[in-house]
Each structure stands twice: as C-alpha cells, then as structure tokens.
Amino acid sequence: MHRRRADLNVLHANKAARRHFGQKNKRSGELEFSDLPRRSARKFIRFLKTGAAMGPYRYEPENSPGTVYSVSVVPFQRGNSSVPVSALLTADDLTQVEQLRRLEVEAANLRLIKSMADRLAHEIGNALVPLATHQQLLAEKYKDREFRESLDQALADGVKRVTRLINQMRFSRAKGIFNRKPLPSGN
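Scope of this entry: the structure provided in the associated data block. The model shown is predicted, which means the values in this text are computed figures rather than measured ones.

**Thoughts on the environment of S81**
Logical step 1: Along the chain, S81 falls in the loop between β4 (69-76) and β5 (86-93).
Logical step 2: Take S81: its relative accessible area is 33%, and that puts it in the partly exposed class.
Logical step 3: Between the C-alpha atom of S81 and that of G51, which follows or precedes it by 30 residues, the distance is 9.4 Å.

Structure below.
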C-alpha cells in the first residue's frame, strides 16, 4: 500500500488478499483500501501517520468463522524519514495451524481422560477386592468374630478409598481440568 497526499492506494495484493478482502469489487478483482476490515484499516492508517512500530496481530473475519490470519505491516521509508512513505500489509492464513493446534489439545485432553479413567478403574477394582473376598466368605464365616472384624475393616478401608477417589475427581473438575475454555480472540 502506498500513501500519497493523504490518498491510500493499494499498489499490489496477492490472490489470497484479493479473494478475502476484495469482496466489494468482485467484477474488477482489484482491492481498494476501503475493502480492508475496519480494524486493519485503522491500524494501518495509524502506522502510516506515526511510523510507530506495529507487530503482527491476530485477525478473525466476522464473515468467515473459524478463519484466522496473522496480519503484519512492513514499512518502506525514504532517506532519514521517520514516517514510512508506504508499507506492505501481509496476512498469513493460520486457519489450518489453529485447527491442528485445537485438535492436538483435544487429543491430549482425551489421552488425559483415558489415563484418568484407567487409573480410576484400577483404584476402584483394588478397593473392591477385599469386599468381594469377604462377600464370598460371609455365609460360612459370619459367626466368627475375627471374620466380622476383618469385614468391618475391609468395609471401612473400601469406603475410605472410594471416597478419596471421588474427592480427587471433584477436585479435578473444580480446578478446570475438564472445563473446556474458548480460545482468546484478537477481535
């Protein structure tokens, strides 16, 4: 883009920029400054007026949910001028990268849940072994005082173990391990 006497002209736009931003001039296929999203246009004008550094920023078009761009501005200056005479606006499509990152996060979360489920099943199984053993012997050994004390201890230990597991799951839920938070947006 080039600025001349307060005019903002698009000198060149690649196919992707014309396809995405050039919606107003579909017949000519040319991109005009007014075609840029308002947020990008404001940043660009501020940059051209002040020459202040402008790092890449995230842009998500309203008319294309799920599409993500990283937009950058590179200044072109003449001589010792502190204000650029023109600048290159680039937009890199990060949509696939973002989708891949989200899929990786989801896969990691699923692996975590699977691991937790395996561990939970193992721990519950361990808590049930003494109870199942006592249940099998209950009819023939119930009159034995030592057996009843052992059964009482097995029941107490089993309840304690299962209660501890329940509390761990509640703690995990409260800490947000299972809560899915939306990704922050730059809009």
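Moving on from the coordinates now.
**Thoughts on the pattern of salt bridges**
Logical step 1: As enumerated under the stated definition, the model contains eight salt bridges in all.
Logical step 2: Put simply, R58 and E98 hold a salt bridge, and the shortest N to O gap is 3.3 Å. Taken together, the residues R58 in strand β3 (residues 57-59) and E98 in helix α3 (residues 95-141) connect sequence positions 40 residues apart.
Logical step 3: When the shortest N-O distance is used, the salt bridge between E123 and R164 registers 3.8 Å. Of the two residues, E123 is situated in helix α3 and R164 in helix α4 (residues 145-174); the sequence distance between them amounts to 41 residues.
Logical step 4: Among the charged side chains, a salt-bridge network with shared partners connects R58, E60, E98 and R101.

**Structural notes on the nonpolar core**
Logical step 1: The biggest cluster of nonpolar side chains holds 17 residues, and the ones touching the most others in it are F21, F44, F47, Y59, V73 and A87.
Logical step 2: Secondary-structure elements contributing two or more residues to this core are α1 (15-21), α2 (38-50), β3 and β4.
Logical step 3: Of the residues forming this core, the biggest block, four residues, is contributed by α2.
Logical step 4: Once residues lying within four places of it in the same chain are set aside, the contact partners of V73 are F44, F47, M54, A87, L88 and L89.

**Details of α2**
Logical step 1: For α2, built from 13 residues, the straight-helix expectation of 18 Å at 1.5 Å per residue is met to within 8% by its first-to-last C-alpha distance of 18 Å.
Logical step 2: What α2 keeps buried is the set S40, A41, K43, F44, F47 and L48. Within α2, the buried residues cover an arc of 165 degrees as seen down the axis, which keeps them to one side. Every exposed residue of α2 that faces more than 90 degrees away from the buried side is listed here: R38, R42, R46 and K49.
Logical step 3: Backbone geometry just downstream of α2 places G51 in the positive-phi region, at approximately 75 degrees.

**Focus: the side chain of S72**
Logical step 1: With respect to the secondary-structure elements, S72 resides in strand β4.
Logical step 2: The class for S72 is buried, based on a relative accessible area of 18%.
Logical step 3: Non-local contacts of S72, meaning those with residues more than four positions away in its chain, are made with P56, L88, L89 and T90.

**Regarding the packing of α3 against α4**
Logical step 1: Contact pair α3 / α4: the axes reach a minimum separation of 10 Å and the direction vectors enclose 160 degrees. With respect to α4, the axis of α3 lies roughly antiparallel. In this structure, α3 meets α4 at a crossing whose hand is left-handed. In this structure, α3 uses M116, L120, E123, I124, N126, A127, P130, L131, H134, L137, L138 and K141 to contact α4, whose residues at the interface are F147, S150, L151, A154, L155, G158, R161, V162, R164, L165, M169 and S172.
Logical step 2: Of the residues contributing to the contact of α3 with α4, the split by class is 15 nonpolar, five polar and four charged.

**Description of the packing of aromatic side chains**
Logical step 1: Enumeration over the complete set of coordinates arrives at one aromatic pair.
Logical step 2: It is R148 that lies over the ring of Y142; its NZ or CZ is 5.8 Å from the centre.

**Considerations on a nonpolar patch on the surface**
Logical step 1: On the surface, a cluster of nonpolar side chains totalling about 250 Å² of accessible area is made up of V74, F76 and L88.
Logical step 2: Its place among the elements puts V74 in strand β4.
Logical step 3: A relative accessible area of 39% places V74 in the partly exposed class.

**Some words on the pairing of β4**
Logical step 1: One ladder, built from three bridges, connects β3 with β4; its direction is antiparallel. Note on β4: the bridge partner recorded for R58 is S70.

Reading guide: rules and limits
Residues numbered from 1 in each chain as written. Predicted model: local features only at pLDDT ≥ 70, side-chain atom pairs only at ≥ 80, totals over all residues. Heavy atoms only, no water. Helix = DSSP H or I, 4+ residues; strand = E, 2+ residues; numbered from the N terminus. Buried < 20%, exposed > 50% of the residue type's maximum accessible area, 1.4 Å probe, protein only. Salt bridge = Lys/Arg side-chain N within 4 Å of Asp/Glu carboxyl O. Core = buried A, V, L, I, M, F, W, Y, C linked by side-chain atoms within 4.5 Å. Contact = heavy atoms within 4.5 Å. Expected span 1.5 Å × (residues − 1). Arc of directions from axis to C-beta. Axes fitted to C-alpha atoms, helices over the stretch in contact; angles between N-to-C directions. Parallel < 35°, antiparallel > 145°, perpendicular 65-115°, else oblique. Left-handed = near helix turned anticlockwise from the far one by under 90°. Nonpolar A, V, L, I, M, F, W, Y, C, P; charged D, E, K, R; others polar. Phe/Tyr/Trp six-rings, centres within 6.5 Å; stacked < 30°, edge-to-face > 60°. Lys NZ or Arg CZ within 6 Å of the ring centre and 35° of its normal. Patch = residues over 30% accessible without salt bridge, like charges linked within 9 Å, V, L, I, M, F, W, Y side chains within 5 Å. Areas by Shrake-Rupley, 256 points an atom, 1.4 Å probe, with all protein chains shown as cover. Pairing = 2+ DSSP bridges.

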